[in-house]
Amino acid sequence: MKTPETSPWWDRARHAERRPLLLARNRTQAAIRDWLGAQDFIEVDPAALAISPGNEAHLHGFATDLIGNDGGSQRMYLHTSPEFAMKKLLAAGEERIFAFSHVWRNRERTALHHPEFTMLEWYRAGGDYRELFNDCAHYLRLAAEAAGAEMLQHRGITCDPFATPEVMSVAEAFDRFAGIDLLATCDGAETDAEALRAQARAQGIRVGDADGWSDMLSGILVEKVEPHLGHGRPLILDRYPAAEAALAVPAKDDPREAERFELYACGVELANGFGELTDPVEQRRRFQMEMQEKQRVYGETYPLDEDFLTALVQMPPASGCALGFDRLVMLATGAPRIDEVLWTPVA
């Protein structure tokens, strides 16, 4: 006999169990919409079909074919983020925009990952990226209030959503939790894999002889750093190394770091924010490097969105952030899996 936990989500008894979480999800979304509206943000609705799903090496898109009236086909993708479309809107003249956007990522299904999920993404034209820290703090409070929760929780770890987030640089976190001087392995955006490998092994951290600098950074972050973040109070992991800038500008005071941060609560990554890069030449270079790495690791690449790169020329200075909305609801309701807070999970 099936138990409620193993029954399909559409089973009446199973749905009755999940329904309070789903209603908390709705209240959270409404509260965030109201708050952003009061801050003069405009809600937008980016198209899901895109020329490129994104150009990060380890993100995997869903592909489809767009069939024209003449029967000809064009390869398209479901976006992994509405970022390209929203930045085109900034180039078009919008200044404060947000979207609750369904996004799709292949090869991702765990307690914290789902192939289709909801991303809250928002942009502030002309805003310092640190303004996003306060936005994130507001979302944590709104979610807790909507769920009637005093604490966020996940796997026995709690976090006070009403506490001011702690801010810690990536370099500080690596020093504190892994005993590694990360910036000593960086020279601007250039990195020294052998120096990081030597430090990791000196700390008893297993790394492979063929692992690149970015591979080791990711592994150490997941194994040694992330489990400690956001315990008791939220944490902003700030100033990623410039080599991991993605779509962020370099830090003004240290070329080894970038204006990129992530929000953590209960050891869970919730958001990823940038002081946005508007240099199309540099952005193209980064995309091409990412696609070279994707080809090396996975044997495939994605096209570049040339319209996006062109739009960067007239995009104003801005800050932007993407937050995993389902994960936020998970932590506010104490749900053990992301599927529990999705109205209709993928079967």
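Anything mentioned here points back to the structure above.
The structure contained in this document is the topic of the report that follows.

Conventions and cut-offs
Residues numbered from 1 in each chain as written. Predicted model: local features only at pLDDT ≥ 70, side-chain atom pairs only at ≥ 80, totals over all residues. Heavy atoms only, no water. Helix = DSSP H or I, 4+ residues; strand = E, 2+ residues; numbered from the N terminus. Rg over C-alpha atoms; globule rule 2.2 N^0.38 Å. Contact = heavy atoms within 4.5 Å. Areas by Shrake-Rupley, 256 points an atom, 1.4 Å probe, with all protein chains shown as cover. Pairing = 2+ DSSP bridges. Buried < 20%, exposed > 50% of the residue type's maximum accessible area, 1.4 Å probe, protein only. Core = buried A, V, L, I, M, F, W, Y, C linked by side-chain atoms within 4.5 Å. Expected span 1.5 Å × (residues − 1). Bend = angle between axes of the 7 residues up to and from the residue. Axes fitted to C-alpha atoms, helices over the stretch in contact; angles between N-to-C directions. Parallel < 35°, antiparallel > 145°, perpendicular 65-115°, else oblique. Left-handed = near helix turned anticlockwise from the far one by under 90°. Nonpolar A, V, L, I, M, F, W, Y, C, P; charged D, E, K, R; others polar.

Points about the overall build of the protein chain
Link 1 in the chain: Secondary structure summary: the protein chain contains nine helices and 15 strands in total.
Link 2 in the chain: In terms of overall dimensions, the protein chain is globule-like: its C-alpha atoms have a radius of gyration of 20 Å, near the 20 Å expected for 347 residues.
Link 3 in the chain: Expressed along its principal axes, the backbone C-alpha trace of the protein chain runs to roughly 60 × 55 × 45 Å.
Link 4 in the chain: The contacts of the protein chain with a sequence gap of at least 6 include a subset with a gap of at least 24, amounting to 68%.
Link 5 in the chain: Working note: accessible area of the protein chain is about 16100 Å², and carbon and sulfur atoms make up 49% of it.

Focus: the sheet that holds strand β4 (residues 73-78)
Link 1 in the chain: Strand order in the open sheet formed by three strands is β2-β4-β3, with antiparallel pairing between adjacent strands. What marks the edges here is a single partner per strand, and that holds for β2 (49-50) and β3 (62-67).
Link 2 in the chain: Bridge count for β2 against β4 is two bridges, and the pairing is antiparallel. The residue of β4 that forms the bridge with Ala50 is Tyr77.

A word on the sheet that holds strand β12 (residues 235-238)
Link 1 in the chain: Judged by pairing direction, the sheet is mixed, and its eight strands sit side by side in the order β1-β5-β6-β15-β14-β13-β12-β9 without closing on themselves. Both edges of this open sheet fall to β1 (42-43) and β9 (166-169), since each of them pairs with a single strand only.
Link 2 in the chain: Relative to strand β15 (residues 318-324), strand β14 (residues 268-275) runs antiparallel, the two sharing five bridges. Across the sheet, Asn272 pairs through a bridge with Ala322, a residue of β15.

Describing unusual backbone geometry
Link 1 in the chain: The phi dihedral of Arg155 is positive, around 50°, even though this residue is not glycine.
Link 2 in the chain: Exposure remark for Arg155: the relative accessible area of 68% places this residue in the exposed category.
Link 3 in the chain: Not every positive phi belongs to a glycine, and Ala246 is a case in point at roughly 60°.
Link 4 in the chain: Relative to the helices and strands, Ala246 resides in the loop between β12 and β13 (260-265).

Topic: the environment of Leu237
Link 1 in the chain: Mapped onto the fold, Leu237 is located in strand β12.
Link 2 in the chain: Taking C-alpha positions, Leu237 is 5.9 Å from Val170, a pair spaced 67 residues apart along the chain.
Link 3 in the chain: Excluding residues within four positions of it along the chain, Leu237 makes contact with Met168, Ser169, Val170, Ala173, Leu221, Leu229, Arg260, Phe261, Glu262 and Tyr264.

Some details on the nonpolar core
Taken as a class, soluble globular proteins show a tendency for nonpolar side chains to be buried jointly.
Link 1 in the chain: Counting residues in hydrophobic clusters, the biggest one holds 38 residues, and the most contacted among them are Ile32, Leu120, Trp122 and Tyr139.
Link 2 in the chain: Elements with a contribution of two residues or more to this core: α1 (12-38), β5 (96-104), β6 (116-125), α3 (131-147), β13, β14, β15 and α9 (325-333).
Link 3 in the chain: By residue number, the principal contributor to this core is α3, which donates seven residues.
Link 4 in the chain: Among residues more than four places away in sequence, those in contact with Trp122 are Phe41, Ile97, Phe98, Leu132, Asp135, Cys136, Tyr139, Ser319, Gly320, Cys321, Ala322 and Leu323.
Link 5 in the chain: Of all hydrophobic cores here, the second largest spans 23 residues; its members include Phe174, Leu196, Ala200 and Trp213.

Focus on α1
Link 1 in the chain: The end-to-end C-alpha distance of α1, which contains 27 residues, comes to 38 Å, matching closely the 39 Å that a straight helix rising 1.5 Å per residue would cover.
Link 2 in the chain: The largest bend in α1 comes to about 45°, at Arg18, with the proline Pro20 one to four residues further on.
Link 3 in the chain: For α1, the complete set of buried residues consists of Arg14, Arg18, Leu21, Leu22, Ala24, Arg25, Thr28, Gln29, Ile32, Trp35 and Leu36.
Link 4 in the chain: Tucked into the core, α1 has its buried residues touching β5, β6, α3 and α9.
Link 5 in the chain: Asp40 lies just past α1 and shows a positive phi near 70°.

Regarding the environment of Gly334
Link 1 in the chain: Its place among the elements puts Gly334 in the segment after α9.
Link 2 in the chain: As a C-alpha pair, Gly334 and Leu21 span 313 residues in sequence and 9.0 Å in three-dimensional space.

Observations concerning the packing of helix α4 (residues 170-178) against helix α6 (residues 213-225)
Link 1 in the chain: Two numbers describe how α4 lies on α6: the axes approach to 10 Å, and their chain directions differ by 55°. Between α4 and α6, the interaxial angle falls into the category oblique. For the crossing formed where α4 meets α6, the hand is left-handed. Together, Ala173, Phe174, Phe177 and Ala178 of α4 and Leu217, Ile220, Leu221, Lys224 and Val225 of α6 make up the contact between the two elements.
Link 2 in the chain: Its residues assigned to classes, the contact of α4 with α6 comprises eight nonpolar, no polar and one charged.

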